[in-house]
Amino acid sequence: MDTLELESNLFVIRESCPCCGSKTNSALYSCKFNEDPVKQYLIDFYSVQGAIEFKYFENQEYDLRGCNNCGLVYQKTILGDFLMGKLYSNWIDPAFTEKVIEKDYDKDYYLSNTRLAYKILTEFKKKPSDLSFLDFGMGWGNWAKTVASFGVNSFGVEISEERIENAKKYGIKNLKLDDLKENSFDFINTDQVFEHISDPKSIIEKLSKSLKKGGILRICVPDGNSIHEKLKVMDWASPKGHKNSLNVVAPLEHINCFTTTSLIDLAKNSGLQWHYLNYYPALELIENKASLLNEIKIATMLPIKIIKYFGRIVKIKLGMKYTPVPTGTNLYFKKT
Ligand SMILES: [Zn+2]
């Protein structure tokens, strides 16, 4: 491909909502990529892990829209394939993220992965060796590795060669999106993926098809439920984790910002229903007093929590159906 051809596709303009297809939206904020405050945000954000090449951003604008139909907040102008490649291979240095991950991921991280894997396995009546799980956007393969250790047939989809090679060392089979066969997986994990992809609608449709009937899809994305409050404050200098942080709509990367309802809508349109994981650690832990004490410690952090927590267990013990209202943006969906 020659340079001219590449440059004509540097950016993609999303004229309609990438989740529901609606063309009616509200303009929430705009700023040229190479003007402050967005420019300064990009410099600060990428200087620790690589660098942005601003020569590509001439006259292009960070343009934030809110879908009037499903509530998704999304960036209208996004990077085309060539610049997406630059972003994830050059502007973010893979060697740097690998180092950071190796440094930061401690035993508690692996314990939480293990707990999550166990929690999901209790949803299925089959032996782990009869189950197939897929981690879509598996990164370095940490989650896929964890479920493989339970004996599950573990697959991943990943585009970065460095990450694929790393996952291979642990026996994780890498698949391409277009090679996913219908009715193949019992469970599909997507963790911090849907906020990055240009066309979430077509991706969820493909993933839904590749799930078996009764299979479960997990979507975990940054929580965009309070995005409109954050946009009122509009503080680009607020660090990640701060209540005013705009990281949830980070230019170039977090191009889709989900609320609970926009996520449920997206899934529903692909034949997936919101599903509550029916798992109560305390029931399992009665035989394990040390862990039970830890669970009680968590449950008693707020008095109301302990009432709700044990109330749920009592309901389950009595065979009553517990149907909470879905909140947050770490949700599970079942193919019915
Ligand atoms: Zn929409």
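No experiment lies behind these values; they were computed from the predicted model shown.

Conventions and cut-offs
Residue indices follow the written sequence of each chain, beginning from 1 at its first position. The model is predicted, so local features are restricted to residues of pLDDT at least 70 and side-chain atom pairs to those at 80 or more, both for listing and for counting; the totals for chains, interfaces and linings are taken over all residues. Starting at the N terminus, helices and strands are each numbered in turn, a helix being any DSSP run of H or I of at least four residues and a strand any DSSP run of E of at least two. The exposure label follows from counting other C-beta atoms within 10 Å of a residue's C-beta, where the C-beta atoms are placed from the backbone and the thresholds are 20 or more for buried and 12 or fewer for exposed, leaving partly exposed in between. Contact between residues is assigned whenever the C-beta positions, reconstructed from backbone atoms, fall within 7 Å. Here, a strand pair is defined by DSSP locating no fewer than two bridges between the strands. Expected helix span is taken as 1.5 Å per residue step, with the number of steps being one fewer than the number of residues. This arc is taken over the directions from the axis of the helix to the C-beta atoms. By definition, a nonpolar core groups buried Ala, Val, Leu, Ile, Met, Phe, Trp, Tyr and Cys residues that connect through C-beta atoms lying within 7 Å of each other. In this document the domain limits rely on a domain assignment from an automatic tool or a database. A clockwise course of the path from the first strand over the helix to the second, judged with the strands pointing away from the viewer, identifies a crossover as right-handed. Comment: axis = line fitted to C-alpha atoms, over the contacting stretch for helices; angle = value between 0 and 180 degrees taken between N-to-C directions. Across the chain, each position has a pLDDT score giving the predictor's confidence in that residue, from 0 to 100.

Novice: Outline the overall build of the protein, supporting the account with residue identities and numerical values.
Specialist: What the protein contains, in helices and strands, is 13 helices and 13 strands. When the 336 residues of the protein are sorted by exposure, 30% land in the buried category. Here the analysis covers contacts within the protein between residues at least 6 apart in sequence; of these, 72% occur between residues at least 24 apart.

Novice: Before we move on, can you summarise the sheet that holds strand 2 (residues 25–32) with the specific residues and values?
Specialist: As summarised here, the arrangement of the four strands in space is 2-3-4-11, forming an open sheet in which the pairing is antiparallel. Single-partner strands in this sheet number two, and they are strand 2 and strand 11 (256–257). Two elements, strand 4 (residues 73–75) and strand 11, share two bridges in a ladder whose sense is antiparallel. Residue pairing for strand 11: Val73 is matched across the bridge by Cys257.

Novice: Give me the lowdown on helix 5 (residues 107–121), citing residues and values where you can.
Specialist: Look at helix 5: 21 Å from first C-alpha to last across 15 residues, which is about the 21 Å you get at 1.5 Å a residue. Elements in contact with the buried residues of helix 5: helix 6 (142–148) and strand 9 (185–191).

Novice: Talk me through the environment of Pro222; I want residue IDs and the actual numbers.
Specialist: You can see Pro222 is positioned in the loop between strand 10 (211–220) and helix 9 (227–233). For the pair Pro222 and Asn256, spaced 34 residues apart in sequence, the C-alpha to C-alpha distance is 9.6 Å. The residues contacting Pro222, other than those within four sequence positions of it, are Glu195, Asn247, Val248, His254 and Thr329.

Novice: An account of the environment of Gly141 is requested, with residue identities and associated values reported.
Specialist: Position of Gly141 among the secondary structure elements: in the loop between strand 6 (132–136) and helix 6. The spatial distance from the C-alpha of Gly141 to the C-alpha of Glu165 is 9.6 Å, given a sequence separation of 24 residues. Gly141 has contacts with Gly156, Arg163, Asn166, Ala167, Tyr170 and Ile172, leaving out every residue within four places of it along the chain.

Novice: An account of helix 10 (residues 260–268) is needed here, citing residue identities and associated values.
Specialist: For helix 10, the full list of buried residues reads Ser262, Leu263, Leu266 and Ala267. Buried residues of helix 10, seen end-on, are gathered within an arc of 135° and therefore sit on one face of the element.

Novice: Describe in detail the nonpolar core, supporting the description with residues and values.
Specialist: Leu72, Ile188, Leu217 and Val249 are the most contacted members of the largest nonpolar core, which has 65 residues in total. For this core, the two domains that each supply at least three residues are domain 1 (3–92 + 225–252) and domain 2 (105–221 + 258–278 + 328–335). Those residues in contact with Val249 that sit more than four places away from it in its chain are Leu64, Val73, Ile227, His254 and Cys257.

Novice: Residue-level account of the pairing of strand 6, with values.
Specialist: Across the five residues that make up strand 6, a large majority, four, are buried. Bridge count between strand 6 and strand 7 (residues 153–157): five bridges; the pairing is parallel. Among the inter-strand pairings, Leu134 is bridged to a residue of strand 7, identified as Phe155. At this point the chain moves from strand 6, through helix 6, to the parallel strand 7, and the crossover so formed is right-handed. As paired strands, strand 6 and strand 9 are joined by three bridges and run parallel to one another. Residue Phe133 lies in a different strand from strand 9, and its bridge partner there is Phe187.

Novice: Account for the sheet that holds strand 13 (residues 330–335), with residues named and values stated.
Specialist: Taken in spatial order, the seven strands of this open sheet run 8-7-6-9-10-13-12, and their pairing is mixed. Of all the strands in the sheet, just strand 8 (173–175) and strand 12 (272–275) have a single pairing partner and so form its edges. Taking each pair of neighbouring strands and ignoring which way they run, the sheet shows an average axis angle of 25°. Sitting on the sheet, helix 8 (residues 200–210) touches strand 6, strand 9, strand 10, strand 12 and strand 13, and the angle it makes with strand 10 is about 140°.

Novice: Explain the confidence of the model for the protein to me, using residue names and the numbers behind them.
Specialist: Close inspection of predicted coordinates is inappropriate for parts of the model with low pLDDT. Taken as a whole, the protein shows an average pLDDT of 87; of its residues, 84% reach a score of 70 or greater. A low-confidence stretch, residues 1–6 (pLDDT under 50), is modelled with two contacts involving residues beyond four sequence positions or located in other chains.

Novice: Can you explain unusual backbone geometry? Please cite residues and give values.
Specialist: In this model, Asp36 is joined to Pro37 through a cis peptide bond whose omega is 10°. Mapped onto the elements of the fold, Pro37 is located in the loop between strand 2 and helix 2 (38–47). Phi is positive for Gln192, close to 60°, though the residue is something other than glycine. You can see Gln192 is positioned in the loop between strand 9 and helix 8. In this structure, Met234 is a non-glycine residue whose phi angle is positive, near 50°. Of note, Met234 is situated in the loop between helix 9 and strand 11.

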